[in-house]
Amino acid sequence: MSIKSNLENIKSTLNEGTTLVCVSKYHTEEEIMEAYNEGIRDFGENKVQDMVKKAENLPKDIRWHLIGHLQTNKVKYIVGKTHLVQSVDRIELAEEINKRFEKAGLICDCLIQINSTGIDSRFGCTPETAVEFAEKLKEFKSLNVKGIMGMAPICDDPTENFMLLKNIFDDLTEKGLLNGQILSMGMSDDYTFALKCGSNMVRIGSKIFKEAE
Ligand SMILES: *Cc1c(COP(=O)(O)O)cnc(C)c1O
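Quantities reported herein were computed from a predicted structural model and do not represent experimental measurements.

Parameters at a glance
- Residues numbered from 1 in each chain as written.
- Predicted model: local features only at pLDDT ≥ 70, side-chain atom pairs only at ≥ 80, totals over all residues.
- Heavy atoms only, no water.
- Near = heavy atom within 4 Å.
- Polar contact = N/O pair within 3.5 Å; in protein donor to acceptor, adjacent residues only side chain to side chain.
- Areas by Shrake-Rupley, 256 points an atom, 1.4 Å probe, with all protein chains shown as cover.
- Nonpolar A, V, L, I, M, F, W, Y, C, P; charged D, E, K, R; others polar.
- Helix = DSSP H or I, 4+ residues; strand = E, 2+ residues; numbered from the N terminus.
- Buried < 20%, exposed > 50% of the residue type's maximum accessible area, 1.4 Å probe, protein only.
- Pairing = 2+ DSSP bridges.
- Right-handed = clockwise from strand over helix to strand, strands pointing away.
- Phe/Tyr/Trp six-rings, centres within 6.5 Å; stacked < 30°, edge-to-face > 60°.
- Lys NZ or Arg CZ within 6 Å of the ring centre and 35° of its normal.
- Salt bridge = Lys/Arg side-chain N within 4 Å of Asp/Glu carboxyl O.
- Contact = heavy atoms within 4.5 Å.
- Axes fitted to C-alpha atoms, helices over the stretch in contact; angles between N-to-C directions.
- Parallel < 35°, antiparallel > 145°, perpendicular 65-115°, else oblique.
- Left-handed = near helix turned anticlockwise from the far one by under 90°.

A.B. asks: Teacher, can you tell me more about the site of the ligand here?
C.D. replies: Near the ligand you find Val23, Lys25, Ile67, Met151, Met187, Ser188, Arg203, Ile204, Gly205 and Ser206, and these make up its full shell. Serine 188 is positioned with one of its side-chain polar atoms (N or O) 2.5 Å from an oxygen atom of the ligand. Protein contacts shield 84% of the accessible area of the ligand, which totals 390 Å² for the unbound molecule. Among the residues forming the shell around the ligand, the class breakdown is 5 nonpolar, 3 polar and 2 charged.

So this is what it looks like as C-alpha cells:
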C-alpha cells in the first residue's frame, strides 16, 4: 500500500469536519511531501528539533502540530512556528509559553493534554484537576486554549476512556473554559472508536506511513 492509498482509505472513514493530523514523527521530508501532495496540510511532530528542522525545509503552508511532551527549555524554539501545541499539561509550561509568545507579540493556540488513563507515568493533567487547570490557563493572555487532547491506553475497546475525555471536554465547554471546539483523540489503532465518541481531530501516523513501506 502507498501513502496515497492509505490516505484515501483513512479519509473515507472520517466524519465530515474531522481534521486529520498526519503524524510524521520518525518520517522523512520526502514522505511528508508525498502526503502533502495528496492535499494534507496538518502534520504532527513530537520533538521540537524535528519540527523546527522540517518546518524550515518544507512548504510554508504546512500547519505544524506539536503533539509530544514539551520541555519548558525548548519553548523558545517554537515561537511562531506551531499551528497548535497539543500537549499543554502543566502550569510551568503554560507560563513559559505565555511569556515567550507574549514577548514576540503572538498568541499560542493550544490544547490541554489530559491523562485519562490513570497511568501515572503518562503525561497530561488528571481528569480531576482539568477544570482547575483550565481556569488557571485563562489568566495567560497569550495562550488560546482551543480544546483538549487525550490518548487511550492500549486495549481492545477504548470507548470508556474516550467517553471520559468527551465528558471532560463537554464540562470545560459548558463552564466556558475553552476558546474553541477541538477534541483531539484517536490514533492509528483506535481512531474509529474515538470518532464514535465525538472526536473531531485524529492524529494518525503508522497507518499512513508504516504500512506504506
Ligand atoms: C505517535 C503519536 C500519534 C500517532 O500514533 P500512530 O499509532 O502512529 O498513529 C498520535 N498522537 C501522539 C500524541 C503520538 O505521540
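Continuing now.
A.B. asks: Any chance you could explain unusual backbone geometry here in plain terms?
C.D. replies: Peptide bonds are trans in most cases, and residues, glycine excluded, mostly fall at negative phi. Within the chain, tyrosine 26 stands out as a residue other than glycine whose phi angle is a positive 70°. Locating tyrosine 26 in the fold gives a position in the loop between strand E1 (19–23) and helix H2 (29–36).

A.B. asks: When you look at the pairing of strand E5 (residues 108–114) in this model, what are you seeing that I'm missing?
C.D. replies: Looking along a regular strand, one sees the side chains alternate between the two faces of the sheet. Counting buried positions over the 7 residues of E5 gives 6, a clear majority of the element. Where strand E4 (residues 84–88) meets E5, 2 bridges bridge the pair, whose relative direction is parallel. Bridge pairing in E5 links valine 88 to isoleucine 112. As for the winding sense of the linkage, the β-α-β connection from E4 through helix H4 (residues 91–103) to E5 is right-handed. Viewed along the sheet, the connection from E5 through helix H5 (residues 130–137) into strand E6 (residues 143–150) turns out right-handed.

A.B. asks: What should I look at first to understand the packing of aromatic side chains in this one?
C.D. replies: To describe a pair of aromatic rings, you give the distance between the ring centres and the angle between the ring planes. On inspection of all chains with the given rule, the structure shows 1 aromatic pair. Pairing phenylalanine 43 with tryptophan 64 gives two aromatic rings, centres 6.1 Å apart and planes at 40°, and the pair type is tilted. With phenylalanine 43 in strand E2 (residues 42–45) and tryptophan 64 in strand E3 (residues 63–66), this residue pair connects regions lying 21 residues apart in the sequence. Take phenylalanine 43 and tryptophan 64: they sit in the same class, and that class is buried. Above the ring of tyrosine 36, the side-chain terminus of arginine 41 is found at 3.5 Å from the ring centroid.

A.B. asks: Is there a simple way to explain the pattern of salt bridges in this structure?
C.D. replies: Oppositely charged side chains can form a pair if their charged atoms are brought close together. Enumeration according to the criterion identifies 11 salt bridges in this entry. Here aspartate 61 makes a salt bridge to arginine 41, at a shortest N to O gap of 3.1 Å. Residue aspartate 61 is located in the loop between helix H3 (48–57) and E3, and its partner arginine 41 is located in the loop between H2 and E2; the two are separated by 20 residues in the primary sequence. The class for aspartate 61 is partly exposed, based on a relative accessible area of 39%.

A.B. asks: Even after reading the chapter, I still don't get the side chain of asparagine 98, so can you show me in this structure?
C.D. replies: Its place among the elements puts asparagine 98 in helix H4. With relative accessibility at 11%, the residue asparagine 98 sits in the buried group. Only 3.4 Å separates the side chain of asparagine 98 from the backbone nitrogen of lysine 141, close enough to count as a polar contact. Once residues lying within four places of it in the same chain are set aside, the contact partners of asparagine 98 are Phe140, Lys141, Ser142 and Leu143.

A.B. asks: I would appreciate a short explanation of H3 in the present structure.
C.D. replies: For an α-helix, the turn length of 3.6 residues means that residues three or four places apart are oriented alike. Those residues of H3 not exposed but buried are Val48, Met51, Val52, Lys54 and Ala55. Packed against the buried residues of H3 are H2, E2 and E3.

A.B. asks: Looking at this structure, I do not really get the packing of H5 against helix H6 (residues 159–174). What am I missing?
C.D. replies: Helix packing for two helices is described by the angle between their axes and how far apart those axes are. H6 packs onto H5 with a crossing angle of 45° between their chain directions and a minimal axis gap of 10 Å. Of the possible angle classes, the one that applies to H5 and H6 is oblique. As H5 packs across H6, the resulting crossing turns out to be right-handed. Seen from H5, the contacting residues are Ala130, Val131 and Ala134; seen from H6, they are Ile168, Asp171 and Leu172.

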